[in-house]
Amino acid sequence: MTDKNNILQTAKEKMKKAEDAFSHELGSIRAGRANAGLLSDIKADYYGVETPINQMASITIPESRVLMVTPFDKSSLKAIEHAILISDLGINPENDGETIRLVIPQLTEESRKDLVKQVKAKMEDAKNTVRGVRREGRDNLKKAHNNSDITDDEQYDLEKQLQNLTDESIKNVEKIAEDKEKELMND
């Protein structure tokens, strides 16, 4: 027997995860100011293991356009510097032997527009993920109906609720993207 409320709750949780993942993903898009999220997806070799930089070092923001990376283990400084260099950040690290400084360059109008395009593309991916969750929820509702766990009327009402969840989640994704676009264009 299928719990109809469980289908909606599961869909709601998956949509929320998609929103959170999208928001996290946008954190790695630089906006002309320092943000520790820029380094969240960069991993460095630490004794043979690919380790996220934020687990190997303290990341601080001493100035609005400067990230300071201070390794917990000084021997990992070169590995962190190398990982940043080969990443797609496009920022040259300054290694003073103790810490690594990353100076975030000002964005040009053209680079801002390119970043906004990236945000829009990632937004479409997030919306598609939300729609996929809706599709999965509808499939589960159809199965429940076919198994006689829910009536025609219940299926109709639950699909309507599922659509409302989807609409709300898509609005949230659009709001997250809109906020990031404002940040990119007004920095």
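Residues numbered from 1 in each chain as written. Predicted model: local features only at pLDDT ≥ 70, side-chain atom pairs only at ≥ 80, totals over all residues. Heavy atoms only, no water.

### Focus: the sheet that holds strand β6 (residues 100–103)
To keep things clear, this is the line we draw: Following DSSP output, two strands are said to pair if at least two bridges run between them. Numbering of helices and strands starts at the N terminus; helices are DSSP runs of H or I of at least 4 residues and strands are runs of E of at least 2.
Pairing is antiparallel across the open sheet formed by 4 strands, whose spatial order is β3-β4-β6-β5. Each having just a single partner strand, β3 (57–63) and β5 (94–95) make up the two edges of the open sheet. Here β3 pairs with strand β4 (residues 66–71) via 5 bridges, running antiparallel. What sits directly across from Ser-58, in β4, is Thr-70.

### A word on the packing of helix α1 (residues 4–27) against helix α5 (residues 152–186)
We apply this condition: Here, axes are lines fitted to C-alpha atoms. For helices the fit covers the stretch in contact, and angles between N-to-C directions go from 0 to 180 degrees. The scheme is simple: roughly parallel for angles under 35 degrees, roughly antiparallel for over 145, roughly perpendicular for 65 to 115, oblique for anything else. Two residues qualify as a contact provided that any one of their heavy atoms is within 4.5 Å of a heavy atom in the partner residue. Ten residues, namely Ala, Val, Leu, Ile, Met, Phe, Trp, Tyr, Cys and Pro, are considered nonpolar, four, namely Asp, Glu, Lys and Arg, are considered charged, and the remaining ones, Gly among them, are considered polar.
α5 packs onto α1 with a crossing angle of 10° between their chain directions and a minimal axis gap of 10 Å. Taken as axis vectors, α1 and α5 run roughly parallel relative to one another. Residues Lys-4, Leu-8, Ala-11, Lys-12, Met-15, Glu-19, Phe-22, Ser-23 and Leu-26 of α1 lie in contact with α5, whose contacting residues are Glu-154, Leu-158, Gln-161, Leu-162, Leu-165, Thr-166, Ser-169, Asn-172, Val-173, Ile-176, Ala-177 and Lys-180. Tallied by class, the residues present in the contact of α1 with α5 amount to 11 nonpolar, 5 polar and 5 charged.

### Quick notes on unusual backbone geometry
Condition: When accessible area is computed with a 1.4 Å probe and restricted to protein chains, residues below 20% of their type maximum are described as buried, those above 50% as exposed, and intermediate ones as partly exposed.
Here the phi dihedral of Tyr-47 falls at roughly 55°; this positive angle occurs in a residue that is not glycine. You can see Tyr-47 is positioned in the loop between β1 (43–46) and β2 (49–52). According to the relative accessible area criterion, Tyr-47 is exposed, its value standing at 63%. At Ser-148, a residue that is not glycine, the phi angle is positive and equals roughly 65°. Mapped onto the fold, Ser-148 is located in the loop between α4 (109–146) and α5. By relative accessible area, which is 63% here, Ser-148 ends up exposed.

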